[in-house]
Each structure stands twice: as structure tokens, then as C-alpha cells.
Amino acid sequence: MAPSFDGDSLYNFVVRDGNGVKGLVDLGLEKVPEQYIQPPYERIDKLKASSCDRPPIDLSMLDGPRRSEVVELIAEAAGTVGFFQVVNHGVPVEVLESVKRAAREFFGRVPEKKAVYRKGVSPSPHVKYGTSFVPEKEKALEWKDYISMVYTSDADALEFWPNECREVALEYLKASISMVRKLIGVVMEKLGVTLDESRIDSLIGLKMVNMNFYPTCPNPDLTVGVGRHSDMGMFTVLLQDGIGGLYVKMEEDIADAEKNGEWIEIPPIPGALVINVGDTLQILSNGKYKSAEHRVRTTSTQSRVSIPIFALPRPDEKIKPLPQVVERDGVARYREVVFEEYMNNFFGKAHEGKKSLDFAQINSS
């Protein structure tokens, strides 16, 4: 029989001691601890969500006669739902499979071998193992463990990232960032804006690979793997495994009124990557492109892994709507922010939908 925990002892076991949610599950849990039970309005009702029926976008066609058609598809998706899936993206399928295996191998370690990467004891400030999002600020914890790896240089990654994943995660990162640069060119083209290489370098100067692990959950209807949020950066590249559980919220102002505010599941497609628009791109485009509000469901049958890459501005980069777009729109909807301040605000609170954008929003009233 699994031991019972009070609030402090559970927090210490899961968070402080680095056992994570997987450590709890490995004890033989038969029901979700109270600390993980979400309020009803945050729970995900799988039966009420439809599945996304958008086909993936073939990025190889950007180099052919149908380029304009693909540009339109990307811009339309970025401007309505804030996400799309891509194939023929330049990241070898064998790399995608290897990085999923590496994630499972890392999370299969005994707890003490993962806990060496906890904040404050990790051999590098750029590698952090943790659980939930900001556990100290959350009313209900998220059913997720993760390891986060910030890229500074190849040498740093090869020295400090975990053995299981360092080489393949680096290869996945580099190929994905090459694709992100291409996507930035596409969305800027549709805005009538040309960014020079040095500005693009600054807008994706902070690069991070996360490996997320969602253990099996005895009561998935009561929990979430990740709560409602949008991402901070330009684009997020997400690799799903075959199990599924990612949900995206339809923007309130999309043309199809029936789908306004609806949550749709993004089904895994073999060999495909999910692309999320982030808050930075929404701000730069003055709201033309929409960051995707999304969340993750847990399952009772199989553990799940996902591996996102976050392409973020450098901390000292100033973010504001592009002047060409403001001139055309006649009004700036967001103020200028230093990205480090935006980041500190983002990580200073529990997930709450797209509230992070309020930090930069100019009130129209």
C-alpha cells in the first residue's frame, strides 16, 4: 500500500528531494493526492473536445513552385489558432525517435540520479530538473516532471547535459532552430517586414530544450499534465510521442463562431512536429499572429513524453510591435518590454491562460 502524505511531506518528497511525480507513482499510488486535484474549471473533459483535422504543412514545398500556397497556410494558422503541424521539416526522423528514447531513458533513472540536476545543486545553472511549473505558487500541482537544458555552446551542452540525451538533443535543437529561422522569414514576409540576420539572432538568442515526462495517473480526469498557458518566445517546436494529450484553445475571434473558445486535441502524427506561436511573435506582429493557449491531459494507461524546443529572445532584447505594422494598424497594442522582465513575470506566477500577455498589453480603455 502506498504511504500517505500531508501537504509538507508530499512537497518535500516530490519537489525538494527530487523524487518528482514519477517517484510518487512508483510507490504504487491508487488515487491522486489532494495536492494534484485541479478545480473543476481547470480539468480537461476529453469527451467535450474535438480532434484537430488540419493536415500537416509540408515545409519542403517552400522551396518549390507552390511556395506562396505554403506561406499562406502558415500565416493563416499563425493568425487564427496559433499552431500548426509540419512534415519534411529538416529534422531527421531517426533523430526524433532517438530523442524520445533518450527522454524515457533519463526519466527511468533512479530518483537520486535525476535529483543531481535540481536547482541549486545542478552542476550547471543551465540544466535544471524539476516538477510541475512553479510548485511554490500553485494551488494544485501539475502531473509532470521535466529536465530543462539551456543552450549556450556545444561544449557546454556536451559537458553538462545528461549523458542519455546530450548529443541527440543537441542535434534535434540545431535542426529545429534552422527550421524556426525559415518560419520567421515566412511570417515576416506576410507582414511585409524584412528582418536582418542579426535581429533574428537576437529574437531567438535564448534556446532551450525541455524533456517532459507525464507518468501514468490513477485519476486523469482530476488532474492536468500542464495547465493553460501560452509560451513566451517566437516559436515553440514540440515533439510528441504517439500517446497524445495536447489540447489547444481556439481563439475567441476566429471566423468559425462554433469553435470560439473550444479546446481541440492535437493528434500525434508520425514524423511531424507541432509548431506553437509564442507571445513574442504576437507582440511583434501587434496581435496579427496569436500565441497558442494550450494544456496537457494525463492518462491512466501509459506514461507520455514530449520534447519542446523554445526559441526565445535574448534576455536584454527589447520587444515591441514592429513599426511597419503599427504604422499600418494605426495603433500599438503592446508596450515595449525588456524580455528578461517579461520572463521574470512569466515564471513568477502559476499558469493562467494567456494572462502573461497582460504584462505588455496597452489598455485600450
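Residues numbered from 1 in each chain as written. Predicted model: local features only at pLDDT ≥ 70, side-chain atom pairs only at ≥ 80, totals over all residues. Heavy atoms only, no water.

A short note on the environment of Glu-265
Logical step 1: For Glu-265, the position within the fold is in strand β10 (residues 263-265).
Logical step 2: Between the C-alpha atoms of Glu-265 and Lys-46, which are 219 residues apart in sequence, the distance is 8.5 Å.
Logical step 3: Excluding residues that lie within four positions of it along the chain, Glu-265 makes contacts with Lys-46, Ser-50, Ser-51, Cys-52, Gly-244, Gly-245, Leu-246 and Tyr-247.
Logical step 4: A polar atom in the side chain of Glu-265 sits 3.4 Å from the side chain of Tyr-247. (Helix = DSSP H or I, 4+ residues; strand = E, 2+ residues; numbered from the N terminus. Contact = heavy atoms within 4.5 Å. Polar contact = N/O pair within 3.5 Å; in protein donor to acceptor, adjacent residues only side chain to side chain.)

Quick notes on the sheet that holds strand β11 (residues 273-277)
Logical step 1: Across the sheet, eight strands lie side by side as β2-β3-β11-β8-β13-β6-β5-β4; this open sheet has mixed pairing. Here the strands that pair on one side only, and so sit at the sheet edges, are β2 (57-58) and β4 (127-131).
Logical step 2: Sheet topology places strand β8 (residues 235-240) next to strand β13 (residues 304-312); six bridges connect them, and they run antiparallel. Note that in β13 the partner of Val-237 across the bridge is Ile-309. (Pairing = 2+ DSSP bridges.)

Comments concerning the packing of helix α3 (residues 67-80) against helix α7 (residues 166-191)
Logical step 1: α7 packs onto α3 with a crossing angle of 85 degrees between their chain directions and a minimal axis gap of 9 Å. Classified by the interaxial angle, the pair formed by α3 and α7 is roughly perpendicular. Of the residues in α7, those touching α3 at Arg-67, Val-71, Glu-72, Ile-74 and Ala-75 are Leu-183, Val-186, Val-187, Glu-189 and Lys-190.
Logical step 2: Looking at the contact of α3 with α7 residue by residue, the classes come out as six nonpolar, no polar and four charged. (Axes fitted to C-alpha atoms, helices over the stretch in contact; angles between N-to-C directions. Parallel < 35°, antiparallel > 145°, perpendicular 65-115°, else oblique. Nonpolar A, V, L, I, M, F, W, Y, C, P; charged D, E, K, R; others polar.)

Digging into helix α11 (residues 339-347)
Because each turn of an α-helix spans 3.6 residues, side chains separated by three or four positions in sequence point in the same direction.
Logical step 1: Three or more residues of α11 are buried, namely Phe-339, Tyr-342, Met-343, Asn-345 and Phe-346. Along the axis of α11, the buried positions cluster into a sector of 160 degrees, meaning they face one direction only.
Logical step 2: For α11, the elements touching its buried residues are β6 (206-214), α9 (279-284), β13, β14 (318-319) and β15 (337-338). (Buried < 20%, exposed > 50% of the residue type's maximum accessible area, 1.4 Å probe, protein only. Arc of directions from axis to C-beta.)

Digging into the packing of aromatic side chains
Working definition: an aromatic ring pair is given by the centre-to-centre distance plus the angle between the planes.
Logical step 1: Taken as a whole and assessed by the stated rule, the structure comprises eight aromatic pairs.
Logical step 2: Considering the side-chain rings of Tyr-36 and Trp-143, the 5.0 Å spacing of their centres and the 80 degrees angle between planes classify their relative orientation as edge-to-face. Placement of Tyr-36 in the loop between α2 (20-26) and β1 (50-51) and of Trp-143 in the loop between β4 and β5 (145-151) is noted, with a sequence separation of 107 residues between them. Of the two residues, Tyr-36 and Trp-143, neither departs from the other in class, the shared state being buried.
Logical step 3: A network of ring pairs unites the aromatic residues Phe-106, Phe-107, Tyr-117, Tyr-129 and Phe-213 as a single cluster.
Logical step 4: Residue placement shows Arg-295 over the ring face of Trp-263; its charged tip is 4.0 Å from the ring centre.
Logical step 5: Note that Arg-335 overlies the ring of Phe-359, its terminal NZ or CZ placed 4.8 Å from the centroid. (Phe/Tyr/Trp six-rings, centres within 6.5 Å; stacked < 30°, edge-to-face > 60°. Lys NZ or Arg CZ within 6 Å of the ring centre and 35° of its normal.)

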